[in-house]
Amino acid sequence: MNRSIKKKMESSNTIPVYGKGKIGIIGSGLIGRSWTLIFISAGYNVTIFDIEQSQLSGALVDIEKQLAELQKSGLLRGALTPEQQRALVSVTSDMKEAITGALHIQECVPENEDLKRKVFSEMEQYADDSTVLCSSTSCIVPSKFTDHLKRRSQCIVAHPVNPPYYCPLVEIIPSPWTEPSVVSRTRTLLEGVGQVPVTVKKEIDGFALNRLQYAIINEAWRLVADGVMSAEDVDKVFTAGLGMRYAFCGPFEVIHLNAEGTASYLERYGSTIQRVSSTFGPSPTFTGPAFDTIVQDNDANYPLDKLQEIRQWRDTRLVALAKLKKDLESQKPL
Ligand SMILES: NC(=O)c1ccc[n+]([C@@H]2O[C@H](COP(=O)([O-])OP(=O)(O)OC[C@H]3O[C@@H](n4cnc5c(N)ncnc54)[C@H](O)[C@@H]3O)[C@@H](O)[C@H]2O)c1
Ligand SMILES: *[C@@H]1O[C@H](CO)[C@@H](O)[C@H](O)[C@H]1NC(C)=O
């Protein structure tokens, strides 16, 4: 970039500018495309690699379409126009080209441990000492696919939540040998592009999001299996009850606000939580009569031939919620 343009951009007060740095995306499916949209919104140059040429061309078409839709709905992130953002994207069928000179590589290949091992071995060959090698894996701990690498201290997991453009949480999981500076660099990068990183401080199966989600599924299942509630009503407990608060306050904030602070809440309700929790049964096996009941109820409530429509409706609601949360952000009295 020529000097006077650079100077002009630095002095302008629109923060995202070109030339912020290069990000390499490995795998151009659903998640690779989402990461691309997030990084370009903040002004990073993104080079996408895939082994399938058709996936790469599909990704470019899809990204352009999504940029146009985001612009139309007023949800485009950052200060750059769709055209400016599009200009930051390039694709390649040469992995080396995606990695050379990049400050961060986001791996988004299918969820398979052997494949991740292989892809990380290849990725590290083109990386230099300052490249962060990051996987989007949903549930494989990083030590499982980075133990054999020379650059294993530069490897980490950043697990996004679908759809990442509207669900900003990213779980960061270092392996036992990940350099602490790689954790802080990854967090800083993700915060800088508008995501919300949290650190899973040690490797654990399911990370945090799925552990919490599975705890809920287990108890939801037991309530139906024990004849306490219908599947439909369990879903209402969330959509009209718990979920209303959880979109804004986490469980710790909820208890803090539901009494005069956490100590007061636990003094009042701690023994109740313990009593009720002691009646939770073992983890369900997801078989038996409850299986038929839940499958039949869900099929009736959410017909299988309408899934695409229901998904679209859900995504529209998520977009509206994301917008609402953004509008309300500045009003939180903290
Ligand atoms: N889909 C989700 O909801 C979700 C959410 C969070 C995390 N993830 C994780 O993100 C990763 C990617 O998932 P996805 O849903 O985008 O998958 P996807 O199947 O949509 O895309 C995978 C892409 O990787 C490409 N690919 C396959 N082998 C490759 C290789 N050797 N080198 C380069 N590219 C290769 C494929 O051609 C394809 O374009 C997985 O680890 C998944 O667990 C997915
Ligand atoms: C980043 O993208 C912009 C816009 O296309 C381009 O002008 C610039 O040269 C790119 N920088 C790098 C390092 O690729």
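Conventions used here
Residues numbered from 1 in each chain as written. Chains lettered and ligands numbered in written order. Predicted model: local features only at pLDDT ≥ 70, side-chain atom pairs only at ≥ 80, totals over all residues. Heavy atoms only, no water. UniProt positions renumbered as here; feature names shortened; annotations may be inferred. Pairing = 2+ DSSP bridges. Helix = DSSP H or I, 4+ residues; strand = E, 2+ residues; numbered from the N terminus. Axes fitted to C-alpha atoms, helices over the stretch in contact; angles between N-to-C directions. Contact = heavy atoms within 4.5 Å. Salt bridge = Lys/Arg side-chain N within 4 Å of Asp/Glu carboxyl O. Buried < 20%, exposed > 50% of the residue type's maximum accessible area, 1.4 Å probe, protein only. Expected span 1.5 Å × (residues − 1). Polar contact = N/O pair within 3.5 Å; in protein donor to acceptor, adjacent residues only side chain to side chain. Core = buried A, V, L, I, M, F, W, Y, C linked by side-chain atoms within 4.5 Å.

Under the annotation held in an unreviewed UniProt entry, the protein carries the name Lambda-crystallin homolog and is attributed to Patiria miniata. Per its UniProt entry, the protein bears the Sequence similarities (unreviewed entry) comment "Belongs to the 3-hydroxyacyl-CoA dehydrogenase family."

Let's shift gears to the sheet that holds strand 4 (residues 104–107). Taken together, 8 strands build an open sheet; the order of strands is 3-2-1-4-5-6-7-8 and the sheet is mixed. In this open sheet, the two strands that pair with only one neighbour each are strand 3 (89–92) and strand 8 (196–199). Across the sheet, the axes of successive neighbouring strands diverge by a mean angle of 25°, strand direction being ignored. The pairing of strand 5 (residues 132–135) with strand 6 (residues 155–160) spans 3 bridges and is classified as parallel. The partner of Ser135 across the bridge, within strand 6, is Val157. Sitting on the sheet, helix 6 (residues 113–126) touches strand 1 (22–26), strand 4, strand 5 and strand 6, and the angle it makes with strand 5 is about 165°.

Turning our attention to the pattern of salt bridges. Scanning all chains against the criterion turns up 11 salt bridges. Salt-bridge contacts for Asp129 lead to Arg151; the nearest nitrogen and oxygen are separated by 2.8 Å. With Asp129 in the loop between helix 6 and strand 5 and Arg151 in the loop between helix 7 (143–146) and strand 6, this residue pair connects regions lying 22 residues apart in the sequence. Using a relative accessible area of 19% as the deciding quantity, one classes Arg151 as buried. Of the charged contacts in the structure, one is a salt bridge between Asp315 and Arg314, with a shortest N-O distance of 3.2 Å. Given a relative accessible area of 43%, Arg314 falls into the partly exposed group. Within the structure, one salt-bridge network assembled from shared partners comprises Glu107, Glu111 and Lys116.

For helix 2 (residues 30–41), which comprises 12 residues, the first-to-last C-alpha distance of 17 Å matches the rise-based estimate of 16 Å (1.5 Å per residue) to within 8%. Among the 12 residues that make up helix 2, 10 are buried, leaving the element largely enclosed by the rest of the structure. Looking only at helix 2, the buried set comprises Gly32, Arg33, Ser34, Trp35, Thr36, Leu37, Ile38, Phe39, Ile40 and Ser41.

This part covers the side chain of Arg33. Structurally, the position occupied by Arg33 is in helix 2. For Arg33, a relative accessible area of 13% translates into the label buried. From its side chain, Arg33 meets the backbone oxygen of Gln55 in a polar contact 3.3 Å long. Looking at Arg33, its side chain comes within polar contact range of the side chain of Asp62, at 3.3 Å. When neighbours within four sequence positions are excluded, Arg33 is seen to be in contact with Ser28, Gln55, Gly58, Ala59 and Asp62.

On to the nonpolar core, then. Of all hydrophobic cores here, the largest spans 35 residues; its most connected members are Ile25, Trp35, Phe39, Ile40 and Leu190. Within the residue set of this core, elements represented by two or more residues are strand 1, helix 2, strand 2 (45–49), helix 3 (53–72), strand 5, strand 6, strand 7 (169–174) and helix 8 (180–192). Setting aside its immediate chain neighbours within four residues, Ile25 contacts Gly32, Trp35, Thr36, Phe39, Val46, Thr47, Ile48, Phe49, Gln106 and Cys108. Within the second largest apolar cluster, 22 residues are counted, among which are Ala127, Ile140, Leu149 and Cys155.

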